[in-house]
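Summary of structural features
Residues per chain are reported as follows:
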Amino acid sequence: MLKIKWLENTKLTWILISVITLGVIFGNALLARKTINTLSSTQQSLLNSGYVLYELNRLHVLILSAESGQRGFLLTENEEYLAPYADALSELNLQLKSVANIHSELPGQKIKIQTLLDLTQEKLDELTTTVALALSDKERKALRIVLSGNGRMLYRNIRQTFEEIENIESNYRQLLFSKLAITEREAQATFIISAITS
């Protein structure tokens, strides 16, 4: 009788140990899956944010190149300055389309990006108008437009909008890097628990 009770207790103990072990393994598997999903989505968000910043920086550089070519031509009336201006202009049209298609994960960024695109289009109109006037021997008219300060104001607004978008995206990236570091520590803990329970 005592032997049967002892066997039943042993059997119950092993069942209990098995259930606990399976529970720990199952819980650890769920935690590992959650960690992997978090790592994956955080890395994807970092890639996306980096792409947004890259596309916006490229747009900014092209605006500066086009403006530099325009100014060089207007100041010197040397058509050699039109080559970098024309190159930047053709790339700018493609870049505007590219920027229009980017997607920031942050609320409010889409509106700011659209504002940047609108300002850039206004700036392009100003650049092309002044160059066209200068090419048709109306340099004084072109210079009056430049000296009105409208182009300078447009560029200031472009730069300010660009910096706002860039700061928001950069802060978001810092947040994502922090999240990534925490998730990596959680992943290490999960794998240690896995190793111990295996």
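Residues numbered from 1 in each chain as written. Predicted model: local features only at pLDDT ≥ 70, side-chain atom pairs only at ≥ 80, totals over all residues. Heavy atoms only, no water.

By size, the foremost hydrophobic cluster in this structure holds 31 residues, and its most contacted members are Leu-56, Leu-59, Ala-66, Tyr-85, Leu-92, Val-99 and Leu-116. Ranked by the residues each element gives to this core, the list is headed by helix H3 (residues 109-135), at 9 residues. Once residues lying within four places of it in the same chain are set aside, the contact partners of Leu-59 are Leu-92, Gln-95, Leu-96, Val-99, Leu-116, Leu-117 and Thr-120. By size, the runner-up hydrophobic cluster in this structure holds 7 residues, among which are Leu-106, Tyr-172, Leu-176 and Ala-187. (Core = buried A, V, L, I, M, F, W, Y, C linked by side-chain atoms within 4.5 Å. Buried < 20%, exposed > 50% of the residue type's maximum accessible area, 1.4 Å probe, protein only. Helix = DSSP H or I, 4+ residues; strand = E, 2+ residues; numbered from the N terminus. Contact = heavy atoms within 4.5 Å.)

At 3.6 residues per turn, the α-helix brings residues three or four places apart onto the same side. The first and last C-alpha atoms of H3 sit 38 Å apart over 27 residues, in line with the 39 Å expected at 1.5 Å per residue. Looking one or two residues past H3, Asp-137 carries a phi angle of roughly 60°, positive in sign. (Expected span 1.5 Å × (residues − 1).)

Another point: the side chain of Ser-45. Relative to the helices and strands, Ser-45 resides in helix H1 (residues 2-76). Residue classification places Ser-45 among the buried residues on the basis of a relative accessible area of 10%. In terms of polar contacts, Ser-45 uses its side chain to reach the side chain of Glu-105, at 2.8 Å. Aside from chain neighbours lying at most four places away, what touches Ser-45 is Glu-105, Tyr-172 and Leu-176. (Polar contact = N/O pair within 3.5 Å; in protein donor to acceptor, adjacent residues only side chain to side chain.)

Topologically, His-60 is positioned in helix H1. Once residues within four sequence positions are removed from consideration, His-60 is found in contact with Tyr-155, Arg-159 and Phe-162.

Attention now moves to the pattern of salt bridges. According to the stated counting rule, one finds 5 salt bridges in the structure shown. Glu-67 serves as the salt-bridge partner of Lys-123, at 2.7 Å between the closest nitrogen and oxygen. Of this pair, Lys-123 sits in helix H3 while Glu-67 sits in helix H1, and the two are 56 residues apart along the sequence. A residue is classified by how much of its surface remains accessible, and Lys-123, at 3% relative accessible area, is buried. Note on Glu-67: relative accessible area 9%, which makes it buried. It is possible to trace a salt-bridge network through shared partners that takes in Glu-67, Arg-71, Lys-123 and Glu-126. (Salt bridge = Lys/Arg side-chain N within 4 Å of Asp/Glu carboxyl O.)

One can find Asn-171 in helix H5 (residues 150-197). For Asn-171, a relative accessible area of 55% puts it in the exposed group. Taking the C-alpha atoms as reference, Asn-171 lies 25 Å from Lys-97; in sequence the two are 74 residues apart.

Moving on to the layout of surface pockets. The space that makes up the largest pocket amounts to roughly 260 Å³. Lining the largest pocket are 14 residues, with Glu-67, Gln-70, Arg-71, Val-146 and Arg-152 sitting closest to its centre. Contributions of two or more residues to the lining of the largest pocket are made by H1, H3, helix H4 (139-147) and H5. In terms of residue count, H1 provides more of the lining of the largest pocket than any other element does, 5 residues in total. Per-class residue counts for the lining of the largest pocket are 6 nonpolar, 2 polar and 6 charged. (1 Å grid on protein atoms, 1.4 Å probe; cavity = no way out; pocket = protein on both sides within 12 Å on 5 of 7 lines; lining within 4 Å. Points joined across faces, edges and corners; volume = space filled by probe spheres on them. Nonpolar A, V, L, I, M, F, W, Y, C, P; charged D, E, K, R; others polar.)

Low-confidence regions, as indicated by low pLDDT, have predicted coordinates that should not be scrutinised in detail. With 94% of its residues at a pLDDT of 70 or more, the chain shows a mean pLDDT of 87. The spread of mean pLDDT over the elements of the chain runs between H1, the lowest at 83, and H3, the highest at 94. (pLDDT = per-residue confidence, 0-100.)

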